[in-house]
Structure formats: C-alpha cells, structure tokens
Amino acid sequence: MQVTRYAEAKRYEAAEHYDMRCLRLQGKEATETDTIWIGLSHLLPGGRTSLKDAAVEKIYIVVAGEVTVETPTETATLCYLDSCRLAPGEARALVNCTNDPATILLAMPI
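Here the structure is a predicted model, which is why all the values come from computation and not from measurement.

Peer 1: Lay out the environment of Pro88 in plain terms, naming residues and giving numbers.
Peer 2: For Pro88, the position within the fold is in the loop between β7 (83-86) and β8 (93-95). With 39 residues separating them in the primary sequence, Pro88 and Thr49 have C-alpha atoms 17 Å apart. Setting aside residues no more than four positions away along its own chain, Pro88 makes contact with Ala54, Ala55, Val56 and Glu57.

Now the structure itself:
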C-alpha cells in the first residue's frame, strides 16, 4: 500500500495554469501506479487554464466550489461532486468564475 498524506503531497507545475496550485496525490513521482495518476488542483477566484487538448482522456471531479469547463463546442459549470470526462484530443479550459476558491480532482492515464 502506498499512502499519500494530503499535508505531504508535492506541488507540481502545470503549463498554462494560472492562479492554480496543483498537487500530485497518486502516480508519477508520488507513488508507483501502472495506469493512472491523480492530481488535486486549487483554483483561486479567476483561476484558469488555457484552452488546450491532451492525447489522453481526462476525468475531473469538483470537490469544492464551482469550476466551469469550456470546450470549443460547449460550456458546463460543475459543482460539488459533479464530474466530467474529456475524450482524448478534446480541448478544454477550466475557469473559476466565482469569488470563492474551488478544488478539482483530475484522473488521467500515465
């Protein structure tokens, strides 16, 4: 068993993420995983990512606040425990349009 304590989770820098703090909970340099890694991102009010795609699918789950997910064709505001899947190659932007911090989990293949 490999446990990551939230208080000891390591920050990582993600390109084109603004007013966000990202923590690695599982996978990559945090733990030995075979197929996925899990990150937790805190978005300050106005925090955002650029509209960018990835070669692999992504799953997002909001665990606090509200996060707006924008794609080239649609926009959805996710609230507590709402989730969404983005297909490989589907561009997305995350935006915190509120005056409160928001937190979102990310799961994606290695």
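Peer 1: Please give an account of the layout of surface pockets that cites residues and values.
Peer 2: The space that makes up the largest pocket amounts to roughly 280 Å³. Lining the largest pocket are 21 residues; nearest its centre among them are Ala14, Ala15, His17, Lys58 and Arg92. At the level of elements, β2 (17-26), β3 (36-49), β4 (58-64) and β9 (102-109) are the ones that each hand at least two residues to the lining of the largest pocket. Considered class by class, the residues forming the lining of the largest pocket number 12 nonpolar, four polar and five charged.

Peer 1: Break down unusual backbone geometry for me, citing the residues and quoting the values.
Peer 2: For residues other than glycine, phi is negative in most cases, and the peptide bonds are mostly trans. Despite not being glycine, Glu16 shows a phi value in the positive range, around 60°. Summarising the element assignment, Glu16 is placed in the loop between β1 (10-12) and β2. On the basis of relative accessibility, which here comes to 34%, the residue Glu16 falls in the partly exposed class. Look at Leu81: it is not a glycine, yet its phi comes out positive at around 65°. Take Leu81: it is sitting in the loop between β6 (75-78) and β7.

Peer 1: I'd like a rundown of the pairing of β7, residues and numbers included.
Peer 2: Burial of β7 is one-sided: the residues Cys84 and Leu86 facing one way are buried, the residues Ser83 and Arg85 facing the other way are not. For β4 and β7, the ladder comprises four bridges, and the chain directions are antiparallel. In the strand pairing of β7, Tyr60 is matched with Cys84.

Peer 1: Explain the side chain of Arg24 to me, using residue names and the numbers behind them.
Peer 2: Note on placement: Arg24 falls in strand β2. Owing to a relative accessible area of 8%, Arg24 belongs among the buried residues under this scheme. Engagement of the side chain of Arg24 in a polar contact is seen with the side chain of Glu29, the distance being 3.0 Å.

About the thresholds
Residues numbered from 1 in each chain as written. Predicted model: local features only at pLDDT ≥ 70, side-chain atom pairs only at ≥ 80, totals over all residues. Heavy atoms only, no water. Helix = DSSP H or I, 4+ residues; strand = E, 2+ residues; numbered from the N terminus. Contact = heavy atoms within 4.5 Å. 1 Å grid on protein atoms, 1.4 Å probe; cavity = no way out; pocket = protein on both sides within 12 Å on 5 of 7 lines; lining within 4 Å. Points joined across faces, edges and corners; volume = space filled by probe spheres on them. Nonpolar A, V, L, I, M, F, W, Y, C, P; charged D, E, K, R; others polar. Buried < 20%, exposed > 50% of the residue type's maximum accessible area, 1.4 Å probe, protein only. Pairing = 2+ DSSP bridges. Polar contact = N/O pair within 3.5 Å; in protein donor to acceptor, adjacent residues only side chain to side chain.

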